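Structure at a glance
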Protein chains: 2
Amino acid sequence: MRLLEERIRKDGIVKPGNVLKVDSFLNHQMDVELFGEMGKEFYRLFRDRKVNKILTIEASGIGIACIAAQYFQVPVVFAKKSQSINLDGEQYVAKVESFTHKRVYDVIVAKKFLKEEDRVLIIDDFLANGCAVAGLIDLVEAAGAAVEGVGIAVEKGFQDGGRLLRSKGIRVESLAIVESMDERTGEIQFRS
Amino acid sequence: MRLLEERIRKDGIVKPGNVLKVDSFLNHQMDVELFGEMGKEFYRLFRDRKVNKILTIEASGIGIACIAAQYFQVPVVFAKKSQSINLDGEQYVAKVESFTHKRVYDVIVAKKFLKEEDRVLIIDDFLANGCAVAGLIDLVEAAGAAVEGVGIAVEKGFQDGGRLLRSKGIRVESLAIVESMDERTGEIQFRS
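Quick notes on the rules
- Residues numbered from 1 in each chain as written.
- Chains lettered and ligands numbered in written order.
- Predicted model: local features only at pLDDT ≥ 70, side-chain atom pairs only at ≥ 80, totals over all residues.
- Heavy atoms only, no water.
- Buried < 20%, exposed > 50% of the residue type's maximum accessible area, 1.4 Å probe, protein only.
- Helix = DSSP H or I, 4+ residues; strand = E, 2+ residues; numbered from the N terminus.
- Right-handed = clockwise from strand over helix to strand, strands pointing away.
- Pairing = 2+ DSSP bridges.
- Contact = heavy atoms within 4.5 Å.
- Buried area = accessible area lost by both parts, 1.4 Å probe.
- Salt bridge = Lys/Arg side-chain N within 4 Å of Asp/Glu carboxyl O.
- Nonpolar A, V, L, I, M, F, W, Y, C, P; charged D, E, K, R; others polar.
- Axes fitted to C-alpha atoms, helices over the stretch in contact; angles between N-to-C directions.

Further remarks concern the pairing of strand 9 (residues 146–156) of chain A. All names here are of chain A. Of all 11 residues that make up strand 9, nine are buried, and the element is covered over most of its length. As a crossover connection, the stretch from strand 8 (residues 119–127) through helix 4 (residues 131–142) into strand 9 is right-handed. Summarising the sheet, strand 9 and strand 10 (residues 172–181) pair through six bridges and their orientation is parallel. By the bridge assignment, E155 is partnered in strand 10 with I177.

Structure follows, in structure tokens:
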């Protein structure tokens, strides 16, 4: 998606350790007008699938998922990363290893919000090693529901997540795929 | 807001310990069509203020804030509850006591996303004792920016947060104010 690639080139910052900071428009400050264009694009890409629910994970996937859900006219469920008194009843739980927080955590969805008949589109802001998305897929599969696809804002194409998911036959659509980035020059190459 | 009150009466569940569960449409599964109506209402209530930024807190405020921001045509910033490698540079930090997680945590915003010239609308899903909103106000004030108002989906009118904030002259608009709720009968009374 040209608009997102241009924005990443303009405002993304390449940091040591393969970190791409897009916090000025994607995952700390959020440009909801851009999210609207991204939501339209996700809808164009997945409108052939009978999606009835969008699943994402707190926190930075929520904004993108909610704006996209307006085009699909379906509810969003976000997986939680910690227990709280607001989580009761039976739950699906999967383990996820976080790159940004350097720890393993649970992702949790109340069973009542994922049903066997659900056809789920997973949306998240980043795809790198794919652990978060794999955890969300585990939750959907535990419910006996169908993963209709995975929609990602920014994929790090030089990490393994996208390749692994696609090799399992999962339809993954990333709006921007970073092929390489250079922390010295700040240059970013996208997959065409 | 009648639509939200009706939805809370229909799908909200009153639990022991003054817990109101609205997880089927507000803060675990999210009804984005309802969020659209709520966003329009926030805009109607605050359109007279020259808001140029919406501030919320992860995770359950983000969806409501992003949908509302479409009507204001402004970006959203969400305060983070934990450090990560995505947070670098200078930060504003405030302490918040969580009722739902039973602990004290930091709320953090990168300084570059709150500036002295900003006119901020704070949006969150719940207002009870007001600690989270007070933490967000601390962040805005630390930046020398202006709090134009506080928009809340569900206020627990029988707890102190709303009264305390309003007594400080802060404009707080809650789309539904629960006056009382009965865990035995499940009955919910709203402030008129």
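Right, let's talk about the interface of chain B and chain A for a bit. Listed per partner, the contact involves 42 residues of chain B and 42 residues of chain A. Across the interface of chain B and chain A, roughly 3700 Å² is buried in total on both sides, 60% from carbon and sulfur atoms. Applying the counting rule to chain B against chain A returns two salt bridges. When the shortest N-O distance is used, the salt bridge between D23 of chain A and K112 of chain B registers 3.3 Å. In terms of residue count, the dominant contributor to the side of chain B that touches chain A is helix 3 (residues 61–72) of chain B (six residues). Of the residues belonging to the side of chain B that touches chain A, the class tally is 20 nonpolar, 13 polar and nine charged. Strand direction decides the pairing type here: strand 3 (residues 29–30) of chain A and strand 5 (residues 76–79) of chain B, joined by two bridges, are antiparallel. Directly across from Q29 of chain A, in strand 5 of chain B, lies its bridge partner V77 of chain B.

Spatial strand order, 11(A)-10(A)-9(A)-8(A)-4(A)-5(A)-3(B): seven strands in an open sheet with mixed pairing. Because the sheet does not close on itself, it has two edges, and the strands there are strand 11 (188–190) of chain A together with strand 3 (29–30) of chain B. With eight bridges connecting them, strand 8 of chain A and strand 9 of chain A associate as parallel partners. Counted as the bridge partner of V120 of chain A is V147 of chain A from strand 9 of chain A. In the packing of helix 3 (residues 61–72) of chain A onto the sheet, the strands contacted are strand 4 (53–57), strand 5 (76–79), strand 8 and strand 9 of chain A together with strand 3 of chain B, and the crossing angle to strand 4 of chain A comes to about 170 degrees. Strand contacts of helix 4 of chain A: strand 4, strand 5, strand 8 and strand 9 of chain A, with the helix running at about 165 degrees to strand 8 of chain A, the strand carrying the most contacts.

Function cannot be inferred from these measures alone, as they are strictly geometric.
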